[in-house]
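Letter by letter, the chains look like this.
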Amino acid sequence: MDPVLLHAAYGCAAVIAVCWLLGLVTGEHSWVDRLWSIVPIPYTAWFAWQTGFTDLRLTVMTVLVVLWGARLTFNFARKGGYAKGGEDYRWPVLKKRMSRWQWEIFALLFVAGFQNVLLLLITLPAWAALEGASTQPGGGVPFGVLDVVATVLFLAFLAGETIADQQQWRFHQEKKARLGRGETVDPPFLTTGLFAWSRHPNFFCEQAQWWCLCLFAVSATGRWLDPAYLGAVILTGLFHGSTNFTEEITRSKYPSYAEYQTRTSRLLPLPPKG
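The structure displayed is predicted, hence computed values, not measured ones. (Residues numbered from 1 in each chain as written. Predicted model: local features only at pLDDT ≥ 70, side-chain atom pairs only at ≥ 80, totals over all residues. Heavy atoms only, no water.)

### Digging into the overall build of the chain
Put simply, the rule reads: A run of H or I in DSSP becomes a helix once it reaches four residues, and a run of E becomes a strand once it reaches two; helices and strands are each numbered from the N terminus. Computation of the radius of gyration draws on C-alpha atoms alone. For the globule rule, the value is 2.2 Å times the number of residues to the power 0.38. When accessible area is computed with a 1.4 Å probe and restricted to protein chains, residues below 20% of their type maximum are described as buried, those above 50% as exposed, and intermediate ones as partly exposed. Contacts: residue pairs with any heavy atoms within 4.5 Å of one another. The Shrake-Rupley method, run with a 1.4 Å probe sphere, supplies the accessible areas, and residue values consider only the shown protein chains as cover.
Counting its secondary structure elements, the chain contains 11 helices and 0 strands. Here the chain has a C-alpha radius of gyration of 20 Å; the compact-globule value for 274 residues is 19 Å, and the two agree. If you line up the chain on its principal axes, its C-alpha atoms span 70 × 45 × 30 Å. Counting all 274 residues of the chain, 46% fall into the buried class. In the chain, the share of contacts with a sequence separation of at least 24, taken over all contacts with a separation of at least 6, comes to 79%. Accessible surface, the chain as shown: approximately 13600 Å² in total, 70% of it carbon and sulfur.

### Some words on helix H1 (residues 3-26)
Residues separated by three or four positions in an α-helix point in the same direction, a consequence of the helix having 3.6 residues per turn. Basically, it comes down to this: Here the expected length of a helix is defined as 1.5 Å per residue gap, with one fewer gap than residues.
Taking 1.5 Å as the rise per residue, H1 with 24 residues should run 34 Å; its terminal C-alpha atoms sit 35 Å apart, in good agreement. Within H1, burial applies to Val4, Leu5, Ala8, Cys12, Val15, Ile16, Cys19 and Gly23. Count one or two residues on from H1 and you reach Gly27, which has phi positive near 80°.

### Re the nonpolar core
Quick reminder of the rule: Residues belong to a common nonpolar core when they are buried Ala, Val, Leu, Ile, Met, Phe, Trp, Tyr or Cys residues joined through side-chain atoms within 4.5 Å.
Counting 49 residues, the largest nonpolar core has Trp36, Phe47 and Leu124 as the members making the most contacts within it. Counting only elements with at least two residues in this core, the list comes to H1, helix H3 (40-49), helix H4 (56-78), helix H6 (100-121), helix H7 (124-135), helix H8 (145-180), helix H9 (201-221) and helix H10 (230-253). It is H9 that provides the largest number of residues to this core, a total of 9 residues. Look past the residues within four positions of Leu124 in its chain and what remains in contact with it is Leu5, Phe47 and Ala228. Residues Phe171, Phe195, Tyr257 and Tyr260 belong to the second largest nonpolar core, which totals 8 residues.

### Some words on the packing of aromatic side chains
The criterion, for reference: Centre distance within 6.5 Å is the pairing criterion for rings of Phe, Tyr and Trp, where only the six-membered ring of Trp is used; planes under 30 degrees apart are then read as stacked, over 60 as edge-to-face, and the remainder as tilted. Put simply, a charge is over a ring when the Lys NZ or the Arg CZ is close to the ring centre, within 6 Å, and near the line of the ring normal, within 35 degrees.
Tallied over the entire structure, the rule returns 12 aromatic pairs. Taking 5.9 Å as the distance between ring centres and 80° as the angle between the ring planes, the aromatic pair formed by Phe157 and Phe204 counts as edge-to-face. Remark: Phe204 occurs in helix H9 and Phe157 occurs in helix H8; sequence separation between them is 47 residues. Note on Phe204: relative accessible area 21%, which makes it partly exposed. Taken together through their ring pairs, the aromatic side chains of Trp103, Phe106, Phe110 and Phe114 make up a single cluster. The ring of Trp31 has Arg34 sitting right over it, with the charged end atom 4.4 Å from the ring centre.

### A closer look at the state of the cysteines
Worth spelling out the cut-off: Our working definition of a disulfide is a cysteine sulfur pair at a distance within 2.5 Å.
Within this structure, the stated rule accounts for 0 disulfides. Here Cys212 stays unpaired: no disulfide links it, and the sulfur of Cys214, its closest cysteine neighbor, is 8.9 Å away.

### Some remarks on the environment of Val145
Checked against the element boundaries, Val145 lands in helix H8. Spatially, the C-alpha atoms of Val145 and Ser219 are 8.6 Å apart, while their sequence positions differ by 74 residues.

### Points about unusual backbone geometry
Of the consecutive residues Asp186 and Pro187, the connecting peptide bond is found in the cis state with omega at 0°. The backbone phi angle of Phe53 is positive, close to 55°, even though this residue is not glycine. Note on placement: Phe53 falls in the loop between H3 and H4.

### Focus: the packing of H4 against H8
Test applied: Every axis in this analysis is a line fitted to C-alpha atoms, fitted for helices over the stretch in contact. Angles between the N-to-C directions lie between 0 and 180 degrees. These descriptions rest on fixed angle ranges, namely under 35 degrees for roughly parallel, over 145 for roughly antiparallel, 65 to 115 for roughly perpendicular, and the rest for oblique.
It is the contact of H4 with H8, at a shortest axis distance of 11 Å, that shows an interaxial angle of 5°. Considered as vectors, H4 and H8 are oriented roughly parallel to each other. Residues Arg57, Val60, Leu64, Val65, Leu67, Trp68, Arg71, Asn75 and Arg78 of H4 touch H8, and the partners they reach there are Asp147, Thr151, Phe154, Leu155, Leu158, Glu161, Thr162, Asp165, Gln166 and Trp169.

### What to know about the side chain of Ser198
Our working rule: N or O atoms within 3.5 Å of each other form a polar contact, as long as, within protein, one can give a hydrogen and the other can take it, and as long as residues adjacent in sequence are counted only when both atoms are side-chain atoms.
Locating Ser198 in the fold gives a position in the loop between H8 and H9. Of note is the side chain of Ser198, whose polar atom sits 3.2 Å from the backbone nitrogen of His200. Leave out the neighbours within four places in its chain, and Ser198 touches Tyr260, Thr264, Ser265, Arg266, Leu267, Leu268 and Pro269.

### Some remarks on the environment of Leu235
Tracing the backbone shows Leu235 in helix H10. In contact with Leu235, other than residues within four places in its own chain, are Trp36, Leu118, Ile122, Gln207 and Trp210.

Dropping the structure here:
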């Protein structure tokens, strides 16, 4: 294995161990969630650092991942994700469906293990860009049109996710205040703004940003198919399963959510039906 990638893998293994041990000690298993917006930054920066941050493409990729991480960290923090007891609401539901030993295996292999491996995998387009820069004559393919397109698209999806999260934050703050005054909130979930076009516009924009990162690797290597893009593929699949589970919980709490599902696109923003 390439020594650069091997050292990144060592870092990933260390983070897995820390997350799993913290879960055992604290009884909370959202440590990966708390690190989700943070660990991709040093991975990407590690690949860019191999050039001394002299490669424009890798530097831009690192800056974009930093912006992604800053936005996600802020949004996660204001929702109480870093506070004690800020465990993902889905984990207690899963715990009830499993025996103790089943949950502990799941916590090690998926919650701590698989998710942390995925966080490394989604940054591998930066490693591919590094390989392209180091193996091609003259330091690789110059920063070009495809890189500009990838940058603009990434920033557009970053803005879309920021807007969606802000709309969701304002809705839930208002909902909390109205319920506190004894008022009725109907519907009890957000259906306006970007959420009139997609039930999960933030999820869509999140996945799209990592596909944009793959475009930088395409520009650097000329390869539209590469193992470095596997992280984006897996992330898309993970979001599909996670969205199913999230909507199952929401529908069980709010029967009217089924009607919202019939008229609003799941992920890809589309005009509402009816």
